[in-house]
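Structure assessment
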Amino acid sequence: MRRLAVLAGALTIAVLPAAGGGQTPEKAAPTSEKPGPSTEPAAGRRAQTKDDRTQPVTVDADKMERFGKEGLVVFTGKVVARQNNSVQYADRMEVYLDERGDRILRTVSTGSVRIITRDCRTGTSRRAEYYDMEQRVVLIGNARVWQEDNVVSGETITIFLSQDRSVVQGGAQERVKAVFYQKEEKPKDSPTTAAARPAPTTCEN
């Protein structure tokens, strides 16, 4: 079971593992190796996604309203939500909790929605809905997702975070559009060149 902490000062909502329920992210033992997304087995990705759901979720905003009976917390004004290197920006975010109020079931974001996933994909839309149990994000209304130079757009874009899968749907006025750039094949690096290559950078938030 998790406990829900609402901190008034910074208007931050955090979902944390309960005491005795395992290590928190800060106390978890570091691993010596971390396989890349292209080589990690599917079972490993599923286990990693399950662990990701225990990571704290922080939401910062100008204003917060809590409706206990409805299990609803509403954040407004320059909302920034973070979890495990994924970031979401919006003008308004509604956070729906379970009956006990200790778990986030889904969120609904509106107004200047922008999402940056941990694999550096960026998405924008008029509305975004996130479903925690399914690890699913739905971008609705003039949705657009890009990574580096590759871009896809449509009326709605559904991202299945645990499956590394996306579904794009067009609307009545506009069909799905996608632009993919093919990279030229580069010669293999020598040991000297590989050692001189700078470390990869993180996503820009």
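Residues numbered from 1 in each chain as written. Predicted model: local features only at pLDDT ≥ 70, side-chain atom pairs only at ≥ 80, totals over all residues. Heavy atoms only, no water.

**As for the side chain of Gln88**
With respect to the secondary-structure elements, Gln88 resides in strand E6 (residues 86-97). Only 2.4 Å separates the side chain of Gln88 from the side chain of Ser109, close enough to count as a polar contact. For Gln88, the contacting residues outside a window of four places in its chain are Val79, Val80, Ala81, Met93, Ser109, Arg114, Ile115 and Ala128. (Helix = DSSP H or I, 4+ residues; strand = E, 2+ residues; numbered from the N terminus. Polar contact = N/O pair within 3.5 Å; in protein donor to acceptor, adjacent residues only side chain to side chain. Contact = heavy atoms within 4.5 Å.)

**Comments concerning the environment of Asp149**
Here Asp149 lies in the loop between strand E9 (136-147) and strand E10 (150-160). Asp149 sits 31 residues away from Phe180 along the chain, and the two C-alpha atoms are 7.2 Å apart. Excluding anything up to four places from it in sequence, Asp149 contacts Val179 and Tyr181.

**Here we look at the pattern of salt bridges**
Side chains that differ in sign of charge can pair as their charged atoms come close. Enumeration over the complete set of coordinates arrives at eight salt bridges. Between Arg136 and Glu134 there is a salt bridge, with the nearest N and O atoms lying 2.7 Å from each other. Note on Arg136: relative accessible area 18%, which makes it buried. By relative accessible area, which is 45% here, Glu134 ends up partly exposed. (Salt bridge = Lys/Arg side-chain N within 4 Å of Asp/Glu carboxyl O. Buried < 20%, exposed > 50% of the residue type's maximum accessible area, 1.4 Å probe, protein only.)

**Focus: the packing of aromatic side chains**
Using the criterion set out here, one finds zero aromatic pairs in the structure. Note that Arg114 overlies the ring of Tyr89, its terminal NZ or CZ placed 4.3 Å from the centroid. (Phe/Tyr/Trp six-rings, centres within 6.5 Å; stacked < 30°, edge-to-face > 60°. Lys NZ or Arg CZ within 6 Å of the ring centre and 35° of its normal.)

It is worth stressing that arrangement in space is one thing and function is another; only the former is reported here.
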